[in-house]
Amino acid sequence: MSESKNSSGVMSFLATVNWAALGLLVLVVIVMVQNSHDANLTILWMTVRWPLWLAIGIVLVLSFAAGFLFRGRRDKRRRSRR
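What you see is a predicted model, and the numbers here were worked out from it, not measured in a lab.

Chemist: If you had to explain the overall build of the protein to someone new, which residues and values would you point to?
Modeler: Counting its secondary structure elements, the protein contains two helices and two strands. Seen in sequence order, the protein has helices and strands lined up from the N terminus as α-β-β-α. Expressed as a percentage of its 82 residues, the buried residues of the protein come to 5%. Counting only contacts in the protein whose residues sit at least 6 apart along the sequence, the fraction spanning at least 24 positions is 19%. Summed over its atoms, the accessible surface of the protein is roughly 7400 Å², and 67% of this surface lies on carbon and sulfur atoms.

Chemist: An account of the pairing of strand β1 (residues 38-43) is requested, with residue identities and associated values reported.
Modeler: Note that β1 and strand β2 (residues 46-51) share six bridges and pair antiparallel. Residue pairing for β2: A39 is matched across the bridge by W50. Linking two consecutive strands that pair antiparallel, namely β1 and β2, is a turn of two residues; a positive phi of about 55° is found at L44 within it.

Chemist: Would you mind going over a nonpolar patch on the surface in detail, with residue names and values included?
Modeler: Taken together, the side chains of W19, L22, L24, L25, V26, L27, V29, I30, V33 and F64 define a hydrophobic patch exposed on the protein surface, amounting to about 1000 Å² of accessible area. By residue number, the principal contributor to the nonpolar patch is helix α1 (residues 2-34), which donates nine residues. Relative to the elements of secondary structure, L24 occurs in helix α1. Owing to a relative accessible area of 55%, L24 belongs among the exposed residues under this scheme.

Chemist: Before we move on, could you go through the confidence of the model for the protein and cite the residues and values that matter?
Modeler: This prediction gives the protein a mean pLDDT of 79; 72% of its residues lie at or above 70. Across the protein, the element-wise mean pLDDT spans from 75 in α1 up to 92 in β2.

Chemist: I'd like to hear about unusual backbone geometry, residue by residue, with values.
Modeler: In this structure, L44 takes a positive phi of about 55° despite not being glycine. By the element assignment, L44 lies in the loop between β1 and β2. Here L44 falls in the exposed class, since its relative accessible area comes to 72%.

About the cut-offs
By convention here, each chain's residues receive numbers from 1 onward along its written sequence. In view of the model being predicted, local features appear only for residues whose pLDDT reaches at least 70, and side-chain atom pairs are presented and counted only at 80 or more, with totals across whole chains, interfaces and linings using the full set of residues. For the side-chain quantities, the full set of heavy atoms in the structure was used; hydrogens and water were omitted. For helices the rule is a DSSP run of H or I covering at least 4 residues; for strands it is a run of E covering at least 2, with both sets numbered from the N terminus onward. Think of it in three bands: with a 1.4 Å probe and only protein chains considered, a residue is buried below 20% of the maximum accessible area for its type, exposed above 50%, and partly exposed in between. Contacts are assigned to residue pairs that have any heavy atoms within 4.5 Å of one another. The protein chains shown are the only cover counted for residues, whose accessible areas, like all others here, come from Shrake-Rupley with a 1.4 Å probe. Between any two strands, pairing holds if DSSP finds at least two bridges. For patch building, the residue pool is restricted to those with more than 30% relative accessible area and no salt bridge; the joining distance is 9 Å between like charges and 5 Å between nonpolar side chains (Val, Leu, Ile, Met, Phe, Trp, Tyr). Salt bridges are defined by distance alone: a side-chain nitrogen of Lys or Arg within 4 Å of a carboxyl oxygen of Asp or Glu. As a per-residue quantity, pLDDT reports the predictor's confidence and falls between 0 and 100.

Printed below as a string of structure tokens:
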């Protein structure tokens, strides 16, 4: 009986996290659409002129990739502790 309670608690938490992630994604898309002008970006020694929405999108993708990679390391550490 306690396993089903725990399972439903995890599922409701995941649903909440998914809704929060979806809300944040909508906010990022709104920011990207509103910032359509070009911007100068300096990356190390290079200066490039890109649309700001593209730069925001690239940062978003890199952030998701970093979070995914670090999450995998955290999960691996948790499994090794058990």
